[in-house]
Amino acid sequence: QNLYGHKLTDAQNYFLSQLRYAPIKMVTFLIDKLPRENALLIMVTEEDDNELALIVLDHLYGPGRAPAGKGMISFLALVERQEQWTKETDDDALIAFGKARLEKYFPDVADSVIGIDTRSWQRASTIGVPGTYRHLKAFVDAIDRTSPVLYTGDYMAGSSVGVAAATGEHVAKRLITMIGR
């Protein structure tokens, strides 16, 4: 492919052509007290819960994410389940899914819910398969550091707003250097 006069390498074309995104539905609970857990992210094995992939304690991201003294916990499902939910499931079913996990994993705060939010994204998270990061490395290694074409986005690592922001900040710094300010 040709990008503003910059030709992508075969490795870059391959990586971008294989890149797939999964839809996500997420339910977040605002809790009236802080849970005892202090891990930001909790990966859940399929053996432990065949529908849940990730728990995020959002209040731990930083100050102001939740009101002082309150907790915020999000539940995200496995990709297969997310695809089904995106097409078929309403918010009530998603909330019921989350409440069951809140009771299972956080029984100390399960009765302290003061707010619930649901979100859905059609293209939210890159789907990693064996070889994804090897192909990403080949993509990054092939970037011409002298080119005016710069790359940013959540596909540059595990999908997240943080990755998108970090790669965007990196590109902004390079642009500032390139234009001499």
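See the structure shown above.
Attention here is on the structure that accompanies the text.

What counts as what
What you see as residue numbers is a count from 1 along each chain, following the sequence as written. Two thresholds apply to this predicted model, a pLDDT of at least 70 for residue-level local features and 80 or more for giving and counting side-chain atom pairs, whereas whole-chain, interface and lining totals are computed over all residues. Side-chain calculation: all heavy atoms of the structure are included, whereas hydrogens and water are not. Salt bridge, as used here: a side-chain nitrogen of Lys or Arg that lies within 4 Å of a carboxyl oxygen of Asp or Glu. A run of H or I in DSSP becomes a helix once it reaches four residues, and a run of E becomes a strand once it reaches two; helices and strands are each numbered from the N terminus. Only strands that DSSP links by at least two bridges are regarded as paired with each other. Axis lines are fitted through C-alpha atoms, for helices just across the contact stretch, and the angle between N-to-C directions can take any value from 0 to 180 degrees. The contact criterion used throughout is that any non-hydrogen atoms of two residues lie within 4.5 Å. Definition of nonpolar core: a set of buried residues of the types Ala, Val, Leu, Ile, Met, Phe, Trp, Tyr and Cys, connected through side-chain atoms within 4.5 Å. Each residue is assigned to one of three classes by its accessible area relative to the maximum for its type, calculated with a 1.4 Å probe on protein chains only: buried under 20%, partly exposed between the two thresholds, exposed over 50%. Definition of a polar contact: a pair of N or O atoms within 3.5 Å, with one able to donate and the other able to accept a hydrogen when the atoms are protein atoms, and with sequence-neighbouring residues admitted only if both atoms are side-chain atoms. Picture the helix axis, draw a direction to every C-beta atom, and the arc is the one those directions span. Only residues above 30% relative accessible area that lack a salt bridge enter a patch, with like-charged residues linked at up to 9 Å and the nonpolar side chains Val, Leu, Ile, Met, Phe, Trp and Tyr linked at up to 5 Å. Surface exposure here means Shrake-Rupley accessible area, sampled with a 1.4 Å probe, where a residue is shielded only by the protein chains that are shown. The charge count includes Lys and Arg as positive and Asp and Glu as negative, but it does not include His or the ends of the chains. Here the site of a charge means NZ on Lys, CZ on Arg, CG on Asp, or CD on Glu.

## Focus on the pattern of salt bridges
Thinking step 1. The final tally for this structure, using the stated rule, is 8 salt bridges.
Thinking step 2. Close ionic contact of R101 with E51 constitutes a salt bridge, the shortest N to O distance being 2.8 Å. Taken as a pair, R101 in helix 3 (residues 91-105) and E51 in the loop between strand 4 (41-43) and strand 5 (52-57) lie far apart in primary sequence, 50 residues in all.
Thinking step 3. In the salt-bridge network here, residues are joined through shared partners; they are D49, E51 and R101.

## Looking at the sheet that holds strand 6 (residues 71-77)
Thinking step 1. Across the sheet, 5 strands lie side by side as 4-5-6-3-7; this open sheet has antiparallel pairing. Sheet topology places strand 4 and strand 7 (113-126) at the edges, where each strand pairs with a single neighbour. For this sheet the average axis-to-axis angle between neighbouring strands, irrespective of direction, equals 20 degrees.
Thinking step 2. One ladder, built from 10 bridges, connects strand 3 (residues 21-31) with strand 7; its direction is antiparallel. Residue pairing for strand 7: L30 is matched across the bridge by G115.
Thinking step 3. Lying on the sheet, helix 3 is in contact with strand 3, strand 5, strand 6 and strand 7; it crosses strand 3 at an angle near 60 degrees.

## Some remarks on the nonpolar core
Thinking step 1. Grouped together as the largest cluster of nonpolar side chains are 16 residues, with contacts concentrated most on I55, I73, F75, L102 and F106.
Thinking step 2. Elements represented by at least two residues in this core include exactly strand 3, strand 5, strand 6 and helix 3.
Thinking step 3. No other element matches helix 3, which puts 4 residues into this core.
Thinking step 4. When near neighbours in sequence (up to four residues on either side) are disregarded, I55 contacts L40, L41, I42, V44, I73, S74, F75, Y105 and F106.
Thinking step 5. Counting 9 residues, the second largest nonpolar core, distinct from the first, contains L136, F139, I143 and Y151.

## With respect to the side chain of S74
Thinking step 1. Tracing the backbone through its elements, the reader meets S74 in strand 6.
Thinking step 2. Polar contacts involving the side chain of S74 include one to the side chain of D58, which spans 2.5 Å.
Thinking step 3. Beyond its immediate stretch of four places on either side in the chain, S74 contacts M26, V27, T28, L54, I55, V56 and D58.

## Thoughts on helix 1 (residues 10-18)
Thinking step 1. If you check which residues of helix 1 are buried, you get Q12, N13 and F15. Relative to the axis of helix 1, the buried residues are bounded by an arc of 165 degrees and lie together on one face.

## Some points on the environment of K104
Thinking step 1. In this fold, K104 is placed in helix 3.
Thinking step 2. With sequence-adjacent residues up to four places away left out, K104 is seen in contact with D48 and D49.
Thinking step 3. Within the structure, K104 has its side chain in polar contact with the side chain of Y105 (distance 3.4 Å).

## Here's the deal with a negative patch on the surface
Thinking step 1. Negative charge collects at one region of the surface, where E46, E47, D48 and E80 lie side by side.
Thinking step 2. Along the chain, E47 turns up in the loop between strand 4 and strand 5.

## Structural notes on a nonpolar patch on the surface
Thinking step 1. Side chains of L40, L41, L60 and Y61 sit close together on the surface and give an oily, nonpolar patch of about 340 Å² of accessible area.
Thinking step 2. On the basis of relative accessible area, Y61 is assigned to the partly exposed category, the value being 47%.

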